[in-house]
Every structure is written in C-alpha cells, then in structure tokens.
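Each chain, letter by letter, is given below.
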Amino acid sequence: MKKKLAILGASYLQKPLIQKAKNLNIETHVFAWEQGAIAKDIADFFYPISILDKERILEKCNKIGIDGITTIGTDIAMPTVNYVASTLGLIGNTLESTLISTDKYEMRKALSSKNIPCPKYAFYNTPSFINKENLNFPLIVKPTDRSGSRGVTKVNSIEQTNIAIIKALDNSINKRVIIEEFIQSDREFSVEFISFYGVHHPLAITDKVTTREPYFVEIEHHQPAAISLDTRKRIFALTKDVLNALGILHGASHTELYLLDNGDLRVVESAGRMGGELIGSHMVQLSTGFDFLKATLDVALNQFDFNRYVNDPVHKYSGVYYIIPKPGRITSITDNSEKYHEIVYSKALMEIGDHFDHTIDGADKRAGIIVYSSDVPKPIKDPNEVLKIETL
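What counts and what doesn't
- Each chain carries its own residue numbering, running from 1 in the direction its sequence is written.
- Totals for whole chains, interfaces and linings use all residues, but because this is a predicted model, local features are given only for residues with pLDDT of at least 70 and pairs of side-chain atoms are given and counted only at 80 or more.
- Just so you know, side-chain values use all the structure's heavy atoms and leave hydrogens and water out.
- Numbering of helices and strands runs from the N terminus, with a helix taken as a DSSP run of H or I at least four residues long and a strand as a DSSP run of E at least two residues long.
- Relative accessible area decides the class of each residue, using a 1.4 Å probe on protein chains only: under 20% of the type maximum gives buried, over 50% gives exposed, and in between gives partly exposed.
- Here a cavity denotes grid points, spaced 1 Å and computed from the protein atoms alone, that fit a 1.4 Å probe unable to get out, and a pocket denotes an open set having protein on both sides within 12 Å along at least 5 of 7 lines; residues with an atom within 4 Å of a point are the lining.
- Grid points are joined across faces, edges and corners, and a volume is the space filled by probe spheres set on the points.
- Throughout this entry, Asp, Glu, Lys and Arg are counted as charged residues, while Ala, Val, Leu, Ile, Met, Phe, Trp, Tyr, Cys and Pro are counted as nonpolar. The remaining residues, Gly among them, count as polar.
- Only when DSSP finds a minimum of two bridges between them are two strands counted as paired.
- Lines fitted to C-alpha atoms define the axes, with helix axes restricted to the stretch in contact, and inter-axis angles between N-to-C directions lie between 0 and 180 degrees.
- The contact criterion used throughout is that any non-hydrogen atoms of two residues lie within 4.5 Å.
- Each angle gets one of four labels, with under 35 degrees taken as roughly parallel, over 145 as roughly antiparallel, 65 to 115 as roughly perpendicular, and the rest as oblique.
- Should the near helix be turned anticlockwise from the far one by less than a right angle, the crossing is termed left-handed; should it be turned clockwise, right-handed.
- A side-chain nitrogen of Lys or Arg and a carboxyl oxygen of Asp or Glu constitute a salt bridge if their distance falls within 4 Å.
- What we call a nonpolar core is a set of buried Ala, Val, Leu, Ile, Met, Phe, Trp, Tyr and Cys residues that are connected through their side-chain atoms within 4.5 Å.
- For the purposes of these results, a polar contact is taken to be a pair of N or O atoms within 3.5 Å, where, inside protein, one atom must be able to donate a hydrogen and its partner to accept one; residues adjacent in sequence count only when each atom of the pair is a side-chain atom.

S.K.: Got a minute to help me understand the environment of Ile163 in this structure?
M.R.: Among the secondary structure elements, Ile163 is positioned in helix H6 (residues 158-171). Under the relative-accessibility criterion, Ile163 is labelled exposed at 55%. For Ile163 and Pro127, which are 36 residues apart along the polypeptide, the C-alpha to C-alpha distance reads 7.2 Å.

S.K.: How should I be thinking about the layout of surface pockets in this particular structure?
M.R.: Remark: the empty space left among the atoms is shown by a probe the size of a water molecule rolled over them. Size it by volume and the second largest pocket reaches roughly 420 Å³. What lines the second largest pocket is a set of 20 residues, and nearest its centre among them are Leu203, Arg232, Thr288, Val314 and His315. Of all elements in the fold, only strand E10 (199-210), helix H7 (229-246) and helix H8 (279-288) reach the threshold of two or more residues within the lining of the second largest pocket. At four residues, the largest contribution of residues to the lining of the second largest pocket is made by E10. By residue class, the composition of the lining of the second largest pocket is 12 nonpolar, five polar and three charged.

S.K.: Is there a simple way to think about the pairing of strand E6 (residues 139-143) in this case?
M.R.: Two faces, one strand: in a regular strand the side chains alternate between the faces of the sheet. A large share of E6 lies buried, amounting to five of its five residues. Taking every second residue as pointing to the same face, both faces of E6 are buried, with Leu139, Val141 and Pro143 on one and Ile140 and Lys142 on the other. Alignment of E6 against strand E7 (residues 153-155), held across three bridges, turns out to be antiparallel. In the strand pairing of E7, Ile140 is matched with Lys154.

S.K.: Would you take a moment to explain the sheet that holds strand E1 (residues 4-8) for this structure?
M.R.: Adjacent strands of a sheet form backbone hydrogen bonds with each other and so pair up, either parallel or antiparallel. In spatial order, the strands read E3-E2-E1-E4; together these four strands make up an open sheet with parallel pairing. Each of the sheet's edge strands pairs with one partner strand only, and the pair in question is strand E3 (45-47) and strand E4 (68-70). Geometrically, the sheet is characterised by an average inter-axis angle of 20 degrees between neighbouring strands, direction not taken into account. Of the strand pairs in this sheet, E1 and E4 are connected by three bridges, and their pairing is parallel. Bridge pairing in E4 links Ile7 to Thr70. This element, helix H9 (residues 292-300), spans E1 and E4 of the sheet and lies at about 135 degrees to E4.

S.K.: Just checking my understanding: could you explain the packing of helix H5 (residues 104-113) against H7 for this structure?
M.R.: How two helices pack is summed up by the angle between their axes together with the distance between the axes. Where H5 meets H7, the axes come as close as 9 Å, and the angle between the chain directions of the two elements is 115 degrees. Here H5 is positioned roughly perpendicular relative to H7, judged by the angle of their axes. Considering how the two elements wind past one another, H5 and H7 form a crossing that is right-handed. Residues Met107, Ala110 and Leu111 of H5 touch H7, and the partners they reach there are Val242, Ala245 and Leu246. Among the residues forming the contact of H5 with H7, the class breakdown is six nonpolar, no polar and no charged.

S.K.: What should I look at first to understand the environment of Ile324 in this one?
M.R.: Structurally, Ile324 can be placed in the loop between strand E14 (317-323) and strand E15 (328-335). Each C-alpha atom of the pair Ile324 and Ile163 lies 26 Å from the other, and the pair is 161 residues apart in sequence.

S.K.: Could you clarify how one ought to interpret empty space enclosed by the protein in this entry?
M.R.: Applying the stated criterion to the full structure yields three cavities of 30 Å³ or more. Looking at the largest cavity, its volume works out to about 170 Å³. As for the largest cavity, its lining consists of 18 residues, of which Ile69, Thr70, Met78, His250 and Gly251 are closest to the centre. When contributions to the lining of the largest cavity are tallied by element, the ones reaching two or more residues are E4, helix H3 (78-88), strand E12 (251-259) and H9. Of the residues assigned to the lining of the largest cavity, the class counts are eight nonpolar, nine polar and one charged.

S.K.: Help me understand the pattern of salt bridges, please; the structure alone is not making it clear to me.
M.R.: Should the charged atoms of two oppositely charged side chains come close, the side chains can pair. Inspection of the entire model under this criterion finds 23 salt bridges. The shortest N-O distance in the salt bridge between Lys132 and Glu133 comes to 3.5 Å. Within the structure, one salt-bridge network assembled from shared partners comprises Lys104, Arg108, Lys142, Glu180 and Glu269.

S.K.: Whenever I open this one, the nonpolar core confuses me. Can you help?
M.R.: When a protein is soluble and globular, its nonpolar side chains tend to lie buried together. Core analysis: the largest hydrophobic core is formed by 32 residues, its most contacted members being Leu5, Ile194, Phe290, Phe292 and Phe304. Elements with a contribution of two residues or more to this core: E1, helix H1 (15-23), strand E9 (187-196), E10 and H9. Here the element with the most residues in this core is H9; it accounts for six residues. Counting 23 residues, the second largest nonpolar core, distinct from the first, contains Ile100, Phe193, Leu238 and Ala245.

S.K.: Just checking my understanding: could you explain the environment of Glu218 for this structure?
M.R.: Mapping Glu218 onto the fold places it in strand E11 (residues 218-223). Expressed as a C-alpha distance, the spacing of Glu218 and Tyr321, which sit 103 residues apart in the sequence, is 9.2 Å. For Glu218, the side chain forms a polar contact with the side chain of His221, separated by 3.3 Å.

S.K.: What exactly am I supposed to notice about H8 here?
M.R.: In an α-helix, one turn spans 3.6 residues, which is why side chains three or four residues apart end up on the same side. Extensive coverage of H8 is indicated by the burial of eight of its 10 residues. Looking only at H8, the buried set comprises Ile279, Gly280, Ser281, His282, Met283, Val284, Ser287 and Thr288. Trailing H8 by a residue or two, Gly289 shows a phi angle of about 90 degrees, which is positive.

No statement about biological role is implied by the geometric values presented.
Okay, here's the thing in structure tokens:
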C-alpha cells in the first residue's frame, strides 16, 4: 500500500519535493493557497487551504490517515507541520522547538543561553527604539518570523532604526522585530544537515553571495564553500551545537553563520527545514551525490537510514544564480541554457509584460533562476547571458 504524505506549500520551492515523492510512489496530499500553487497539478490530491490553518489541515490529515507530513524551504509552514505531526503521533520536532526555531528572538535567547556565539540583540514590536540597550551601530533590523531576507535592513542611526522597524513589522506575520549588532564579515555560509532521532549528519556548506547592505538579498549560492578543512570541521561542530540547543531532532535543517577575519564564527540563525533558494532541493545532491529530498521524505515517514545514502558520494561543484535585470517592464526573455553544458535547470520566474522593480528584499520577485553542476568552481561568467531578461 502506498505511503500517504502531506506536503505544505505548492510553489516552485516545493515542486521538487512533490515530484520526488511521486517518483518514489508516495501518495502526495498538498496544502496551499490556490494562487501561485504552480505544483498543484502534479500533486495526487490538492487542497486549497492556507498552510497557516493548522486546525483545518489537521482535520483533513486525520481523515486521510497520513503517514507523515513535511515541507521544504519555508519557515512559516513549520508550526503547522509539527503541530499536525505531534497531534497525530508522527515524526516531527516538538512544538517548543518549533517556536524557538521559527522566531529569531526566541532563537537568540536559546542560543545565548548555551553560550553559542551570537550578536548582541534586542526585541521590539513598535518603532520606539532609543537604544537604551547601548547596541553598537550599525545594526540589522528584521522580522522575527520571516526568511529569505524579507524585511531586513541595515541601519546606522536611531531614526533609521525606527523606519526599519516599521518595514520589518509590515513583513512580520506576528508583528515582532529583532534588532542585532551588525556582524562585519564578507564570508557568509549556510549549512545543511539531516537529523533523525537527534543524530545529526552534516551534508554541505554553501558560500552565499548577497547584494550586501542595506538589504542583503541573496543572489548567488555555491557549493562546496571555499574554506579550509579545519574551518569546515569547526562549522559542522558548531552547527551540531546549534541544533541541540534548539531541540531540532528530526529532518532537514538550514543554519546560517559568518566567518570573521580573525577566524571566529558567529551564528546568524537556524531553521528546522531544508534551505530554500534551491540549495537543498538541487545543490546538495549535485555537489555531494546525497539525495536530500529523498532523505527528507524518509525522515517524515519514519524510515530513514543514513547508511543507505553514503555508498556513492560525488565531489563536484554546484550553484544557483538569480537573474536580476535592470528595473523596468520585461520586453523579452531568451533562454540560452542549452548552450551551456553545466546548466541543469533554468527558469524565468516572471513573464513578458511584468514589471521588475528594484530588488529590495527577499519578498521581491526575482526575474529568473539558473542552477549549474560542474567539475570546476563557478563556471558561469555571466548568468545574465544564460537567461537573458531584457527590460525597458
């Protein structure tokens, strides 16, 4: 009999997971708002229910008799995933762990209590900052409950901070904001793990490239990170400490941190789900050979065995580029990816006639995306020539 799996979300981020489940003969029950649900047509069953509506999803999943529930690439679905899993006795992280790992303020408190290196921080839910905490500028202001750089701003004064708090509140679901001292470093990484009953398995470290200040929108990712073996070991060891501090026992996880000029590490945040931006769904398997999507499904279905995944490792380079055209109305889209043997995925995320605005934060639409796999690092010199999107 087919296993029945609930998947929250049906955007392009979730589509690889849904397709992988179908390829493995798993019956997929997908929940999402119908608008933007591009993956609904490949789901076995689709339900136009908000991924935030945990009671309706629980009721439906109980009737279906699901064997597991999961999602990838999004924080806002995790409370529902783990609420349903906990209520139905399925594999998931605790509700306490979910609260901590999906709220950046609660996360900061948990990590600091375990002496894990983090920036100094403060909590706000109104634009009333006067710096009574004596935080050192510059500061980073961000919603406590969003991912993908949404609502994030770097500021250099009290006035700028309060303006940034308003923006962060507008992007926050729960209307909570965290302010942190800015970490001065040009080396930012994300770390992918898979965990099962508290046993943590390191998979990959990703070099991250952003637009830098003031909004820090992610525009490139590359694996493996160009770091020493010693730094790699230290990052993996610190990440295990982070997962234990947050109580993340099961499933994929995505941890972000900085490497300082003096060699010290500083943790930015960690999430009990696979990294978005196609890091987990594409890059990990391309660079390591580890089938991260299948592993995530196996954990959710309580049938994961790490030893079955390590028989045929590969050592390659992979990466993601987001296409950022000049602001304006899109007049033409030309996909030249067939001319590049390294390109394994290419897709325009906008259409001719759409208007591309200045890239401000992760809530903005990127115009396109390409993924590469190569025997050499960063083989694509100009991603805008691979997927050419012209504006007027």
